[in-house]
Amino acid sequence: MERFADRTALVTGSTRGIGAGVARRLAAEGASVVVTGRTREAGEAVAGEISEAGGEAAFVRADMREPDDIATLVDAAVERFGGLDVLVNNAGVETNTAADEATEDDWDFVVETDFRSYWLCARRAVRHMDDGAIVNVSSNHARLTMPEMFPYNAVKAGIDGMTRAMALDFGPRVRVNTVNPGWVAIDRTTGDMDPDYREHLESIHPTGRLGTPADVAGAVAFLASDDAAFVTGASLLVDGGRTAVMQDDALPDYRARREGER
Ligand SMILES: NC(=O)c1ccc[n+]([C@@H]2O[C@H](COP(=O)([O-])OP(=O)(O)OC[C@H]3O[C@@H](n4cnc5c(N)ncnc54)[C@H](OP(=O)(O)O)[C@@H]3O)[C@@H](O)[C@H]2O)c1
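Residues numbered from 1 in each chain as written. Predicted model: local features only at pLDDT ≥ 70, side-chain atom pairs only at ≥ 80, totals over all residues. Heavy atoms only, no water.

**Student:** I would appreciate a short explanation of the site of the ligand in the present structure.
**Tutor:** Taken together, 31 residues lie around the ligand, and T15, R38, T39, Y152 and R188 are the ones closest in. T15 is positioned such that a nitrogen or oxygen atom in its side chain is 2.7 Å from an oxygen atom of the ligand. For the ligand, an oxygen atom lies 3.0 Å from a polar atom in the side chain of K156. Relative to its unbound accessible surface of 880 Å², the ligand loses 96% to contact with the protein. Among the secondary structure elements, those contributing two or more residues to the shell around the ligand are α1 (17-28), α4 (104-126), α5 (152-170) and α6 (187-190). For the shell around the ligand, a count of residues per class yields twelve nonpolar, 13 polar and six charged. (Near = heavy atom within 4 Å. Polar contact = N/O pair within 3.5 Å; in protein donor to acceptor, adjacent residues only side chain to side chain. Areas by Shrake-Rupley, 256 points an atom, 1.4 Å probe, with all protein chains shown as cover. Helix = DSSP H or I, 4+ residues; strand = E, 2+ residues; numbered from the N terminus. Nonpolar A, V, L, I, M, F, W, Y, C, P; charged D, E, K, R; others polar.)

Here it is in C-alpha cells:
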C-alpha cells in the first residue's frame, strides 16, 4: 500500500516507542517522515532505519515543552520536504501522582508536554496544510483510569475534547482524530516487568495479549489516510478490548472454562 505517496508526515515523540512505530509505518506506506524528540542519537537511528529500508526520513530535534522549538520543527518539516500533509501528535510523559499530591511542576511537566504541545504543533502545522489529517495520540485513560495517574488522565481526556474542537475549526480542509491506546508493550512499560504480572495483564484482555507499537500505528495510518475521508472528531480505542471488560478478574476463569469445553 502506498497511501502516503508524495505526502509528508511529522510524528512527534518518534525517537522510540509508539511514535517510532508510527513513523516506520507511515514511511513504509510512502510518506516522507520527520522524526522528532529530544534525543538526537535515538531519533537519528529511527530515521536511519527508515532510510535503510528504502523510505524517506529526517530527524529534527525539538523539545515539545518549548513553543519556539515547536514552531521551528514544523517550519523545518515543511522546508525539508516541501509541505506538510499529516501531523501525528504523540510525544507524552506521565507522573505517578494523585490529584491531592501532584505539584505544580508535575502539572506543568505533563500539561506542557502532552497537551499544550499538541495544540501549538497543530496550530502551526495547519497553516501549511492545504488538506490532510492530524491524529492525536491520547490513551484509554481518557475513558477509565487508575489511582495516581493525575494529571495524565485529565490531560488525555482533554485531548479527546481538543480533537473535537480542532475537527470543527480546521475542517473541511484538515480532518482531526484521536487514537486511544491501551496497554502497549514498549521498553518503558514492560521492559522490566515480572513475567507473571505480564501473563496476568494479558489474561484480562479480550485479545489475550498486550498491544504493540505496530497495532497503534495501523490505527493511526488508517485515520491519517484517505480511507478515513469521512472520519473526523472521532476517538478510536486501540486497547485489545480492555475497556469493554467490566469484571476483569472474571475473564481469565471464563476463558479457561470456554477453552476446557472445546
Ligand atoms: N505505551 C503505552 O502503553 C501507552 C498507552 C496509552 C497511551 N500512550 C501514549 O502514547 C504516546 C507515546 O508514548 P510511548 O508509550 O511510546 O512512550 P515512550 O516510549 O516513553 O516515548 C515517548 C516519546 O515522547 C518523546 N518526548 C517526551 N517528552 C518530550 C519533550 N519534552 N519533547 C519532545 N519529545 C518528548 C520522547 O522523546 P525524547 O525522550 O527523545 O524527547 C519519546 O519519543 C504518549 O502520548 C503516551 O501517553 C502510551
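Let's pick the thread back up.
**Student:** Can you help me understand the sheet that holds strand β6 (residues 174-181) in this one?
**Tutor:** Through backbone hydrogen bonds, the strands of a sheet pair up, either in parallel or in antiparallel fashion. The parallel open sheet is built from seven strands, whose spatial order is β3-β2-β1-β4-β5-β6-β7. In the strand order of this sheet, the two ends are held by β3 (56-61) and β7 (235-238), each with one partner. For this sheet, the mean inter-axis angle between neighbouring strands, taken without regard to orientation, is 20°. In terms of strand pairing, β6 meets β7 through four bridges, oriented parallel. Following the sheet pairing, N180 is matched in β7 by L237. Lying on the sheet, α5 is in contact with β5 (132-137), β6 and β7; it crosses β6 at an angle near 165°. (Pairing = 2+ DSSP bridges. Axes fitted to C-alpha atoms, helices over the stretch in contact; angles between N-to-C directions. Contact = heavy atoms within 4.5 Å.)

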